[in-house]
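# Structural overview for review
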Amino acid sequence: MTDTPIHALEREILDDIPLARAMQLHIAAYAPDRLTMSAPLAPNINDKGCAFGGSLASLLTLSCWALVVLRLRAAGEDCDVYVQDSQLRYLAPVWGELRSESRLADGENWDGFFAMLGARGKGRLRVVATVADESGKPATTLEARFVALRRESKSSAA
């Protein structure tokens, strides 16, 4: 049975990033312009009984990163993806499941990103993610700039 790209990436994240495995991260949903990643509260709890800030930061960052990686893979691009910078805001405690929704930031678009990647072998774009509280209001937000660098093909490296 063939793995879907979503399951393959989730397995890579869990295999390659011990923190993600300890957090029990899961890609819950993906569409070309949105990604949902979740984690249970129990392994991500702090001393007050709500979500640990470091877990929220990790979940939000990985959610955005995974959105970019899946979109690149769908386009047949072989790239390393890095977070260049980010701004994180903690607005309210999270008392239940951690669930991050990521999407492109306002003013960003995939066409411009892929055009830059094609012209320079490097593309940048801003991605935003939110974890909501029980009422659906933003509890933690992240805006981050990601950089994709096209990998040198093995045939041209020889």
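Shown above is the structure to which this text applies.
Residues numbered from 1 in each chain as written. Predicted model: local features only at pLDDT ≥ 70, side-chain atom pairs only at ≥ 80, totals over all residues. Heavy atoms only, no water.

## A few points about the pattern of salt bridges
Selection rule: The salt bridge criterion pairs a side-chain nitrogen of Lys or Arg with a carboxyl oxygen of Asp or Glu, the two atoms within 4 Å. Under the scheme used here, helices are H or I runs from DSSP no shorter than 4 residues and strands are E runs no shorter than 2 residues, and both carry numbers assigned from the N terminus. Relative accessibility thresholds used throughout: buried, under 20% of the residue-type maximum; exposed, over 50%; partly exposed, between the two (1.4 Å probe, protein chains only).
Throughout the structure, instances matching the rule amount to 11 salt bridges. A salt bridge links Asp33 to Arg71; the shortest N-O distance between them is 3.1 Å. Pair noted here: Asp33 is in the loop between strand S1 (26–31) and strand S2 (34–39) and Arg71 is in helix H3 (residues 53–74), with a separation of 38 residues, a long-range link. A salt bridge links Arg151 to Asp78, with the shortest nitrogen-to-oxygen separation between them at 2.4 Å. Separated by 73 residues along the polypeptide, Arg151 in the loop between strand S6 (138–150) and helix H5 (154–157) and Asp78 in the loop between H3 and strand S3 (79–90) bring together distant segments of the chain. A relative accessible area of 39% places Arg151 in the partly exposed class. A cluster of three or more residues bridged by salt bridges with shared partners is formed by Asp78, Asp80 and Arg151.

## A look at the sheet that holds S1
Under the convention used in this document: In short, DSSP must find at least two bridges between two strands for them to pair. Each axis is a line fitted through C-alpha atoms, taken for helices only over the stretch in contact, and angles between the N-to-C directions span 0 to 180 degrees.
The strand order across the open sheet built from 6 strands is S1-S2-S4-S5-S6-S3, with neighbouring strands paired in antiparallel fashion. Two strands close off the open sheet at either side, each with one partner strand: S1 and S3. Within this sheet the neighbouring strands show an average axis-to-axis angle of 20°, counted without direction. In terms of strand pairing, strand S4 (residues 98–104) meets strand S5 (residues 122–132) through 5 bridges, oriented antiparallel.

## Brief notes about unusual backbone geometry
For Gln24, which is not glycine, the phi dihedral falls at a positive 65°. As for its placement among the helices and strands, Gln24 is situated in the loop between helix H2 (18–23) and S1. Exposure remark for Gln24: the relative accessible area of 46% places this residue in the partly exposed category.

## Re the packing of aromatic side chains
What counts here: Any two of the Phe, Tyr and Trp rings considered here, Trp counted by its six-membered ring, make a pair once their centres fall within 6.5 Å; the pair's planes then place it as stacked at under 30 degrees, edge-to-face at over 60, or tilted in between.
Overall, the coordinates contain 3 aromatic pairs when judged by the stated rule. Taken together, a centroid distance of 5.9 Å and an interplanar angle of 75° make the contact between Trp110 and Phe113 edge-to-face. Of this pair, Trp110 and Phe113 both sit in helix H4 (residues 110–120), 3 residues apart, roughly one helical turn. For the pair shown, Trp110 and Phe113 are each scored as buried. Here the aromatic rings of Phe113 and Phe114 are separated by 5.3 Å at their centres, their planes lie at 70°, and the arrangement is edge-to-face. The class of Phe114 is partly exposed, set by a relative accessible area of 22%.

## Here we look at the packing of helix H1 (residues 5–16) against H3
Quick note on the threshold: Angle categories: roughly parallel below 35 degrees, roughly antiparallel above 145, roughly perpendicular from 65 to 115, and oblique for all the rest. Two helices cross in a left-handed way if the nearer one is turned anticlockwise from the farther one by less than a right angle. They cross in a right-handed way if the turn is clockwise. It only takes one pair of heavy atoms within 4.5 Å for two residues to be counted as in contact. The nonpolar class holds Ala, Val, Leu, Ile, Met, Phe, Trp, Tyr, Cys and Pro. Asp, Glu, Lys and Arg form the charged class, and all remaining residues, Gly among them, are polar.
It is at 11 Å that the axes of H1 and H3 come closest, and there the two elements cross at 130°. In this view, H1 runs oblique relative to H3, as classed from their interaxial angle. Here H1 and H3 pass one another in a crossing that is right-handed. For the pair H1 and H3, the contacting residues are Pro5, Ile6, Leu9, Glu12 and Ile13 in the first and Trp65, Ala66, Val69, Leu70 and Arg73 in the second. In terms of residue class, the contact of H1 with H3 is built from 8 nonpolar, no polar and 2 charged.

## Overview of the nonpolar core
Note the cut-off: Definition of nonpolar core: a set of buried residues of the types Ala, Val, Leu, Ile, Met, Phe, Trp, Tyr and Cys, connected through side-chain atoms within 4.5 Å.
With 39 residues, the main nonpolar core has Leu25, Met37, Val68, Leu72 and Val127 as its most contacted residues. It is H3 that contributes the most residues to this core, 11 residues altogether. Other than its neighbours up to four places away in sequence, Val68 contacts Val81, Trp110, Phe113, Leu125, Val127 and Phe146.

## Points about the side chain of Thr36
Heads up, the rule is: Within 3.5 Å is the distance limit for a polar contact, defined as a pair of N or O atoms, with the added protein rule that one can donate a hydrogen and the other accept it, and that residues adjacent in sequence qualify only through two side-chain atoms.
Inspection of the secondary structure puts Thr36 in strand S2. For Thr36, a relative accessible area of 7% puts it in the buried group. In this structure the side chain of Thr36 is engaged in a polar contact, spanning 2.7 Å, whose partner is the side chain of Glu101. Leave out the neighbours within four places in its chain, and Thr36 touches His26, Ile27, Ala28, Ala29, Arg99, Ser100 and Glu101.

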